[in-house]
Amino acid sequence: MVVMRGGPLDMASCHATDPNLPKSTKSHFMKVLREAGVIRNEPNGRRRTLTLRRDDLDARFPGLLDSVLPG
């Protein structure tokens, strides 16, 4: 999450988790976050762009992200 806080991120270059994790584990992790409504995963040509759904999360849970994400 901290990595996506700054803006959109290319899925292929996402190292939000341990870079030594298998690709399948990383994909599953992103699927869980997407289905939970935490991130948005949008097609961008042959790649995927990840974005934190900050506006949606702030509307539903005011102050949550500010309390769990570092400055």
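Residues numbered from 1 in each chain as written. Predicted model: local features only at pLDDT ≥ 70, side-chain atom pairs only at ≥ 80, totals over all residues. Heavy atoms only, no water.

Engineer: How should the side chain of asparagine 41 be read in this particular structure?
Structural biologist: Along the chain, asparagine 41 falls in strand β2 (residues 39-44). A distance of 2.9 Å separates the side chain of asparagine 41 from the side chain of arginine 48, its partner in a polar contact. In this view, asparagine 41 contacts Arg34, Arg48, Thr49 and Leu50; residues no more than four positions away in its chain are not counted. (Helix = DSSP H or I, 4+ residues; strand = E, 2+ residues; numbered from the N terminus. Polar contact = N/O pair within 3.5 Å; in protein donor to acceptor, adjacent residues only side chain to side chain. Contact = heavy atoms within 4.5 Å.)

Engineer: Is there a simple way to think about the pairing of strand β3 (residues 47-52) in this case?
Structural biologist: It is a general feature of regular strands that their side chains alternate between the two faces of the sheet. Sheet topology note: the β2/β3 ladder contains 6 bridges and is antiparallel. Among the inter-strand pairings, arginine 40 is bridged to a residue of β3, identified as threonine 51. Turn length for the β2-β3 hairpin, with the two strands adjacent in sequence and antiparallel, is 2 residues, and the turn residue glycine 45 shows positive phi of about 70°. (Pairing = 2+ DSSP bridges.)

Engineer: It is not clear to me how the pattern of salt bridges should be interpreted in this structure. Could you clarify?
Structural biologist: Should the charged atoms of two oppositely charged side chains come close, the side chains can pair. Counted according to the given criterion, the structure contains 4 salt bridges. Measuring nitrogen to oxygen at the nearest pair gives 3.3 Å for the salt bridge that ties aspartate 58 to arginine 54. Note that aspartate 58 and arginine 54 are positioned in helix α2 (residues 54-60) at a spacing of 4 residues, about one turn of the helix. Residue class for aspartate 58 comes out partly exposed when judged on its relative accessible area of 24%. For aspartate 66, the salt bridge goes to arginine 54, with nearest N and O atoms at 2.5 Å. Highlighted residues: aspartate 66 in helix α3 (residues 64-68) and arginine 54 in helix α2, separated in sequence by 12 residues. The class for arginine 54 is partly exposed, based on a relative accessible area of 23%. A cluster of three or more residues bridged by salt bridges with shared partners is formed by Arg40, Arg53 and Asp56. (Salt bridge = Lys/Arg side-chain N within 4 Å of Asp/Glu carboxyl O. Buried < 20%, exposed > 50% of the residue type's maximum accessible area, 1.4 Å probe, protein only.)

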